[in-house]
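# Residue-level structure breakdown
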Amino acid sequence: MFSVFNKQERNQQAFEDLLLQKPGESPKYSALWFSNMAANMYIEEYKDALELLVSHIEKKRADNAIVYPVMLLYRHSIELALKESIIKSCESLGQEIPKNVFKSHNLESLVEDLEETFPDIKRDPNWTNNKNFFEKWESADLNGEFARYPRNTSGDSFKACDDKISISKIVKESKGALYTLDGVLAQLEDYMQKQKQNIL
């Protein structure tokens, strides 16, 4: 058994007790435990979960608060993709990874870090639209609090709104942004592979 918490044995034991499949249990709802290095897997699985959720909404549920989990999952997928792009860019160029990358949930801040560490992204014809989308989302929902909680960090309820949130708009814009970031990650993966093979 490997430790996922280094020296925090109490947390390791809690992890094993709560989450790991026990001998004889049905494997129907189990999954392999991947290391936290498999960031691409996290991104892809969140996107797969979203496909299932959105498909369910389109078939059965058209008008309710399920929009909040959709917003949260898309935002988290985008956050993960931005962070992994920054990390891979820094690793490939031998740069230090900005410290806020591991703590920040602010899309606008992550966009700035990505443009600084991977300037080539500005050449992508879709980047301006994606960037505007991220900045608007951050302005509308600081750090994703609106999608996650009914109250802000001060304990105040978010203001009621008579207008309906468009799931289709969130899906369309998010998919486009994730497509761009998938391309960035593919470029960086290719660059790092060529580095290892001494092709560059």
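Residues numbered from 1 in each chain as written. Predicted model: local features only at pLDDT ≥ 70, side-chain atom pairs only at ≥ 80, totals over all residues. Heavy atoms only, no water.

Bringing the pattern of salt bridges into the picture now. Following the criterion strictly, the structure yields ten salt bridges and no others. In this structure, Asp-182 engages Lys-47 in a salt bridge whose closest nitrogen and oxygen atoms are separated by 2.8 Å. Separated by 135 residues along the polypeptide, Asp-182 in helix α7 (residues 167-196) and Lys-47 in helix α2 (residues 39-60) bring together distant segments of the chain. Its salt-bridge partner being Lys-88, residue Glu-189 comes within 3.3 Å of it at the nearest N-O pair. (Salt bridge = Lys/Arg side-chain N within 4 Å of Asp/Glu carboxyl O. Helix = DSSP H or I, 4+ residues; strand = E, 2+ residues; numbered from the N terminus.)

This brings us to the environment of Gln-193. With respect to the helices and strands, the residue Gln-193 is situated in helix α7. With relative accessibility at 36%, the residue Gln-193 sits in the partly exposed group. (Buried < 20%, exposed > 50% of the residue type's maximum accessible area, 1.4 Å probe, protein only.)

Now for the packing of aromatic side chains. Taken as a whole, this structure holds four aromatic pairs when the rule is applied. Relative to Phe-146, the ring of Tyr-68 lies with its centre 5.5 Å away and its plane at 80°, an arrangement referred to as edge-to-face. Placement of the pair is Tyr-68 in helix α3 (residues 67-93) and Phe-146 in helix α6 (residues 145-148), with a sequence separation of 78 residues. Taking the relative accessible area as the measure of exposure, Tyr-68 reaches 29% and is therefore partly exposed. On the accessibility criterion, Phe-146 (24% relative accessible area) is partly exposed. An aromatic cluster is built from Trp-127, Phe-133, Phe-134 and Trp-137, whose rings are joined through pairwise contacts. (Phe/Tyr/Trp six-rings, centres within 6.5 Å; stacked < 30°, edge-to-face > 60°.)

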